[in-house]
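Reading the structure
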Amino acid sequence: MSTRIPVLLRVAGELTIIVVGVLIALWVDTLAEDRRDRAQEEAYLAGILSDLGTDSLGLEDRRATAQRGLDVADRLLALRRNAALDPPADSLAVWLFRAAFVDNFQPLDHTYREILGAGGLSRLSDEALRRKISGYYRSIASADFFTDWYKEEESDYWDLLANRLHPDDFEAVSRSERGGQRLDPTRVLRQLRSDDELVNAILMNRHWTDLRLGITGRRLAANHDLAEALRDGLTRLGG
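Remember, it's a predicted structure, so these values are computed and weren't measured experimentally.

This part is about the overall build of the protein. Secondary structure assignment for the protein yields 8 helices and 0 strands. Listing the helices and strands of the protein from first to last along the sequence gives α-α-α-α-α-α-α-α. Within the protein, buried positions represent 37% of all 239 residues. Within the protein, contacts between residues separated by at least 24 positions form 84% of all contacts whose residues are at least 6 apart in sequence.

Structure (structure tokens):
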């Protein structure tokens, strides 16, 4: 009996060493996996932050374009109301073309799609940040119906210009954009002051451009808010 005790103790000791070794190995693997997950999450957050920087530039450009469209529409309407106002010779037809201009905003969402393809936003540890990211990209998609419909309105406006303006006016716009020959605005100005349908089209486009300006402003605010949250998230992960 006494001879079996050392054997049992030796076996127990060996089993303990094996268990401890397995536990240590599992712990090391867990640490390594946690580091990989943390590094991947940092890469995801940094990627989205970079995408947002590109989005911000595009949105700022669209906001400036929309504001210019409003300003141009107001100048055209002022010319309509005040016969004493004389437009610069090379700008009136250009103003008519610029009174409505919109293109659909396409966010740079490569990183977001990569996260979804890799298993979804659950790959990110911060639940509040996951909601912010998801909300940002959903809000971009939810407004697409507006820009798609507005482009139809814009197309109607371009068709109206094509039917109302003389071909020479279109050519003059092209030349003036290149800094070439100046346009005699008399014919276009007469059209503007006598054609109610044209003026109604300008008013309608001004209305939708104003709405577009508001949507773009809200998108920019959401962009900046998410970018700040991502910076905070990166700081926490790096800490």
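Next, the rest of the story.
One finds Leu45, Ile48, Leu52, Leu129, Ile133, Leu226 and Leu230 to be the most contacted residues of the largest nonpolar core, which totals 21 residues. Secondary structure elements with two or more residues in this core: helix 1 (4–81), helix 3 (110–117), helix 4 (127–142) and helix 8 (196–238). Residue contributions to this core peak at 6 residues, all from helix 8. Among all residues touching Leu52, those that are not within four sequence positions of it are Tyr136, Asn223, Leu226, Ala227 and Leu230. Membership of the second largest hydrophobic core comes to 19 residues, among which are Ala73, Leu161, Ala201 and Ile202.

Bringing the packing of aromatic side chains into the picture now. Note on aromatic pairs: each is described by the distance of the centres and the angle between the planes. Per the counting criterion, the structure on display carries 2 aromatic pairs. Relative to Tyr137, the ring of Tyr112 lies with its centre 4.2 Å away and its plane at 15°, an arrangement referred to as stacked. On the criterion of sequence distance, the pair formed by Tyr112 in helix 3 and Tyr137 in helix 4 is long-range, its members being 25 residues apart. Of the two residues, Tyr112 and Tyr137, both sit in the buried class. Plain terms: the ring middles of Tyr136 and Tyr137 are 5.0 Å apart, the flat faces sit at 85° to each other, and that makes the pair edge-to-face. In this structure Tyr136 comes out as buried when scored by relative accessible area, which is 2%. Given the relative accessible area of 7%, Tyr137 is considered buried. An aromatic cluster of three or more residues is present, and its members are Tyr112, Tyr136 and Tyr137.

The tally for this structure, following the rule as stated, stands at 8 salt bridges. In this structure, the salt-bridge partner of Arg113 is Asp109, at a minimum N-O distance of 3.0 Å. Its relative accessible area of 56% is what places Arg113 among the exposed residues. For Asp109, a relative accessible area of 13% puts it in the buried group. Between Glu228 and Arg231 there is a salt bridge; the shortest N-O distance is 3.5 Å. You can see Glu228 and its partner Arg231 sitting in helix 8, 3 residues apart, about one turn around the helix. On the accessibility criterion, Glu228 (42% relative accessible area) is partly exposed.

Our focus in this paragraph is helix 3. Helical periodicity: at 3.6 residues per turn, an α-helix aligns residues three or four positions apart in one direction. Among all positions of helix 3, only Thr111, Tyr112 and Ile115 are buried. An end-on view of helix 3 places all buried positions within 100° of arc, on one side of the element. Among the exposed residues of helix 3, those pointing more than 90 degrees away from its buried face are His110, Arg113 and Gly117.

Quick look at the packing of helix 7 (residues 186–194) against helix 8 now. Axis separation between helix 7 and helix 8 bottoms out at 6 Å; the angle between their running directions is 80°. In terms of their interaxial angle, helix 7 and helix 8 are classed as roughly perpendicular. Of the residues in helix 8, those touching helix 7 at Gln191, Leu192 and Ser194 are Asp196, Leu198, Val199 and Ile202. The residue makeup of the contact of helix 7 with helix 8, split by class, is 4 nonpolar, 2 polar and 1 charged.

Within the secondary structure layout, Leu203 lies in helix 8. Given a relative accessible area of 43%, Leu203 falls into the partly exposed group. It is 8.3 Å that separates the C-alpha atoms of Leu203 and Leu77, two residues lying 126 residues apart in sequence.

Of all residues in the protein, 74% attain a pLDDT of 70 or more, and the chain-wide mean is 78. For the protein, per-element mean pLDDT is lowest for helix 6 (residues 167–177), which scores 59, and highest for helix 3, which scores 92.

About the criteria used
Residues numbered from 1 in each chain as written. Predicted model: local features only at pLDDT ≥ 70, side-chain atom pairs only at ≥ 80, totals over all residues. Heavy atoms only, no water. Helix = DSSP H or I, 4+ residues; strand = E, 2+ residues; numbered from the N terminus. Buried < 20%, exposed > 50% of the residue type's maximum accessible area, 1.4 Å probe, protein only. Contact = heavy atoms within 4.5 Å. Core = buried A, V, L, I, M, F, W, Y, C linked by side-chain atoms within 4.5 Å. Phe/Tyr/Trp six-rings, centres within 6.5 Å; stacked < 30°, edge-to-face > 60°. Salt bridge = Lys/Arg side-chain N within 4 Å of Asp/Glu carboxyl O. Arc of directions from axis to C-beta. Axes fitted to C-alpha atoms, helices over the stretch in contact; angles between N-to-C directions. Parallel < 35°, antiparallel > 145°, perpendicular 65-115°, else oblique. Nonpolar A, V, L, I, M, F, W, Y, C, P; charged D, E, K, R; others polar. pLDDT = per-residue confidence, 0-100.

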